[in-house]
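Below are the chains, spelled out letter by letter.
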Amino acid sequence: MSQPSSPDTSRQDPMPPEEAEAAAAANEQDALAALQNELAALKAQNAELAEQVLRARADAENTRRRAEDDMSKARKFAVESFAEGLLPVADSLEAGLAIQEATREQLREGSQATLKQLTSALERHKVVQIAPAAGTRFDPHQHQAISMVPADQEANTVVSVLQKGYLIADRVLRPALVTVAAPR
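What you see is a predicted model; the values in this text were computed from it and never measured. (Residues numbered from 1 in each chain as written. Predicted model: local features only at pLDDT ≥ 70, side-chain atom pairs only at ≥ 80, totals over all residues. Heavy atoms only, no water.)

Quick word on the pattern of salt bridges
Keep this limit in mind: Whenever Lys or Arg places a side-chain nitrogen within 4 Å of a carboxyl oxygen from Asp or Glu, that contact is recorded as a salt bridge. Strands here are runs of E lasting at least two residues and helices are runs of H or I lasting at least four, both read from the DSSP assignment and numbered beginning at the N terminus.
This structure, assessed with the given rule, holds five salt bridges. A salt bridge links Glu154 to Arg137, with the shortest nitrogen-to-oxygen separation between them at 3.4 Å. Of this pair, Glu154 sits in the loop between strand S2 (143-149) and strand S3 (158-163) while Arg137 sits in the loop between strand S1 (127-130) and S2, and the two are 17 residues apart along the sequence.

What follows is the structure in structure tokens.
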């Protein structure tokens, strides 16, 4: 006996053309909708990134302005602090000049006290004297040789200081003017 043949399920009946067109149109609409959603998402992401760029630029500009303001204030207040340190010196000079009948000794004592105030104020602001002792090796970074003189000491050493120099925070503000021993 022969068995009844089962229908071939691997073969499908062809879809009518109207259904095929409708399915293709539905697929195109789905693809178009997916592309439109992706486009909308990319536009939103682009807008967000553009906003972040604007914020970053604004932050950078604000930081630059704050830095400029801070630098300006630092300069202003550095000078202010230095000037405040010199006010007692000015007061002492004015008080000394106000004395009509001062003796020579009083003038000398007042001048010494005022010089001490001035030196103290300068040192508080990191202004230090350069006053090399006789016999110190000549240093062209801190000394300026005015002349070379014959001396009973090693050549290229300081013989005398004509004018003290000054350092400000380890930087030469003014070199010391010195005479230097000439080679024999």
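What to know about helix H1 (residues 17-98)
Stated precisely, the cut-off is as follows: One less than the residue count of a helix, multiplied by 1.5 Å, gives the span that helix is expected to have. Bend at a given residue is defined as the angle between two axes, one fitted to the seven residues that end at that position and one fitted to the seven that begin there.
A rise of 1.5 Å per residue sets the reference length of H1, with its 82 residues, at 122 Å; its end C-alpha atoms lie 119 Å apart and thus fit the reference within 8%. Leu86 marks where H1 bends most, by close to 30°; the proline Pro88 follows one to four residues later.

Concerning the nonpolar core
Here is the rule: To define a nonpolar core, start from buried Ala, Val, Leu, Ile, Met, Phe, Trp, Tyr and Cys residues and group those joined through side-chain atoms within 4.5 Å. The cut-offs for exposure are 20% and 50% of the maximum accessible area for each residue type, with area from a 1.4 Å probe on protein chains only; residues under the lower value are buried, those over the upper are exposed, and the others partly exposed. Throughout, a residue-residue contact means that at least one pair of heavy atoms, one from each residue, lies within 4.5 Å.
With six residues, the main nonpolar core is built from Ile130, Val158, Leu167, Ala176, Val178 and Val180. Top contributing element to this core by residue count: strand S6 (residues 176-181), with three residues. The residues touching Leu167, leaving out its near neighbours within four places in the chain, are Lys126, Val127, Val128, Ile130, Gln142, Val172 and Leu173.

Re the pairing of strand S4 (residues 165-168)
Put simply, the rule is: For two strands to pair, DSSP has to find at least two bridges joining them.
Pairing of S1 with S4 involves four bridges; the strand directions are antiparallel. Each bridged residue has a counterpart across the sheet, and for Gln129 the counterpart in S4 is Tyr166. In the sheet, S4 pairs with strand S5 (residues 171-174) via three bridges, with the strands oriented antiparallel. Looking at the pairing, Leu167 lines up with Val172 of S5.

Regarding the pairing of S6
For S6, a buried count of five out of six residues is recorded, marking the element as mostly surrounded by other parts of the structure. Of the strand pairs in this sheet, S2 and S6 are connected by six bridges, and their pairing is parallel. Residue pairing in the sheet places Val149 in a bridge with Ala181 of S6. In this sheet, S6 lies alongside S3 in antiparallel orientation, the contact comprising four bridges. If you follow Gln163 over to S6, its bridge partner there is Leu177.

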